[in-house]
Amino acid sequence: MSTEQSTARATEAPPGPSAPPPSAPSAPPPLRTRGLGAFFGSHKAIEDIDLDFEDNTVTALIGPSGCGKSTYIRTLNRMHENVPNARIEGDVELHGESIYGRAADPVAIRRAIGMVFQRPNPFPTKSIADNVLAGPKFNRIRLSRRERQDLVERVLRAAGLWNEVKNRLRAPAGGLSGGQQQRLCIARALSIDPDVLLMDEPCSALDPQSTDRIEELIDQLKERVTIVIVTHNMQQAARVSDRTAFITIETDGEPGRLVETGPTSDIFNAPSKPATEAYVSGRFG
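Model, not experiment: these values are computed from the prediction.

(A) A look at the sheet that holds strand β5 (residues 97-98). The sheet built from 4 strands is open, its strands ordered β2-β1-β4-β5 with antiparallel pairing. A strand with exactly one partner marks an edge of an open sheet, and here the two such strands are β2 (43-53) and β5. Note that strand β4 (residues 86-94) and β5 share 2 bridges and pair antiparallel. If you follow Leu-94 over to β5, its bridge partner there is Glu-97.

Take a look at the structure:
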């Protein structure tokens with residue numbers, strides 16, 4: 001090796017650390033809305049709502065009556081469009097895909113995004129087991145007898161109802177108490193393995209003991225599904241949710257708008273918007 005080559009080799013800079021590989025793009029949240037508005041005819045009920053609902057979390061939607069919370073939650077699985085002359089603007093995305101796109105199947109969307117309503121609505125004359133199996137039947141999911149039995153037990157256990165009804169699965173669901181009926185409705189929603197569970201004031205018609213059971217159940221269920229709950233009960237929102245979104249209206253006739261969203265502890269203890277602080281402290285609404 002020549003002296004020039006040796007000198008050049010000696011003065012070469014040592015190789016630096018290799019650049020880190022580019023990070024993979026993060027997956028979109030299970031459910032989110034972008035610029036979402038909803039109409040009943042010419043009346044605009046909500047306007048320009050951007051919200052993300054993360055995996056395995058409970059998000060509470062709070063706000064005064066008439067601000068559009070229930071309308072908003074019904075846009076999340078295309079139930080809003082079942083109202084005559086109802087429509088939306090903006091978009092709702094499930095795992096990054098528009099649920100309002102031309103190729104979207106409303107039945108498949110409602111299978112992935114289950115819903116529990118304000119008042120328990122089981123089929124009262126059908127048996128407890130048949131109520132659970134109504135979801136797979138409606139969605140044309142074929143199950144063997146053994147699969148049906150396993151499914152009924154699995155989702156009734158998930159809904160915290162199995163031990164109370166396991167010896168009367170063929171009895172009419174109308175014979176259950178209100179709290180039991182609501183848990184049966186939750187079991188029915190779980191029977192088709194949704195990714196998201198929407199709950200529109202699920203405890204408003206229940207007694208305190210039944211409400212406690214439902215709240216315990218919500219805490220357990222978030223391990224398997226993302227939950228969105230509408231509630232007027234500030235204490236309940238604080239107890240059950242990981243995140244809270246405050247929606248309000250400024251004057252009658254105006255659409256509901258998202259004011260603030262964040263971790264529930266922040267919304268209730270250190271909100272950034274005066275309107276949020278006034279609402280959660282009970283000074284209006």
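(B) Structural context of the packing of aromatic side chains. In the structure shown here, the tally under the stated rule is 2 aromatic pairs. Relative to Tyr-72, the ring of Phe-53 has its centre 6.5 Å away and its plane inclined at 40°; by these criteria the two rings are tilted. Of this pair, Phe-53 sits in strand β2 while Tyr-72 sits in helix α2 (residues 69-75); the two residues are 19 residues apart in sequence, bridging distant segments of the chain. Taking 5.0 Å as the distance between ring centres and 25° as the angle between the ring planes, the aromatic pair formed by Phe-246 and Tyr-279 counts as stacked. A residue pair is termed long-range when its members are at least 10 positions apart, and Phe-246 in strand β9 (residues 243-248) and Tyr-279 in helix α11 (residues 274-280) qualify at 33 residues. Residue Phe-246 is classed as buried on the basis of its relative accessible area of 0%. Exposure remark for Tyr-279: the relative accessible area of 6% places this residue in the buried category. Its end group placed over the ring of Phe-39, Arg-87 keeps NZ or CZ at 3.9 Å from the ring centre. Above the face of the Phe-123 ring, Arg-188 is positioned so that its terminal group lies 5.0 Å from the ring centre.

How each quantity is defined
- Residues numbered from 1 in each chain as written.
- Predicted model: local features only at pLDDT ≥ 70, side-chain atom pairs only at ≥ 80, totals over all residues.
- Heavy atoms only, no water.
- Pairing = 2+ DSSP bridges.
- Helix = DSSP H or I, 4+ residues; strand = E, 2+ residues; numbered from the N terminus.
- Phe/Tyr/Trp six-rings, centres within 6.5 Å; stacked < 30°, edge-to-face > 60°.
- Buried < 20%, exposed > 50% of the residue type's maximum accessible area, 1.4 Å probe, protein only.
- Lys NZ or Arg CZ within 6 Å of the ring centre and 35° of its normal.

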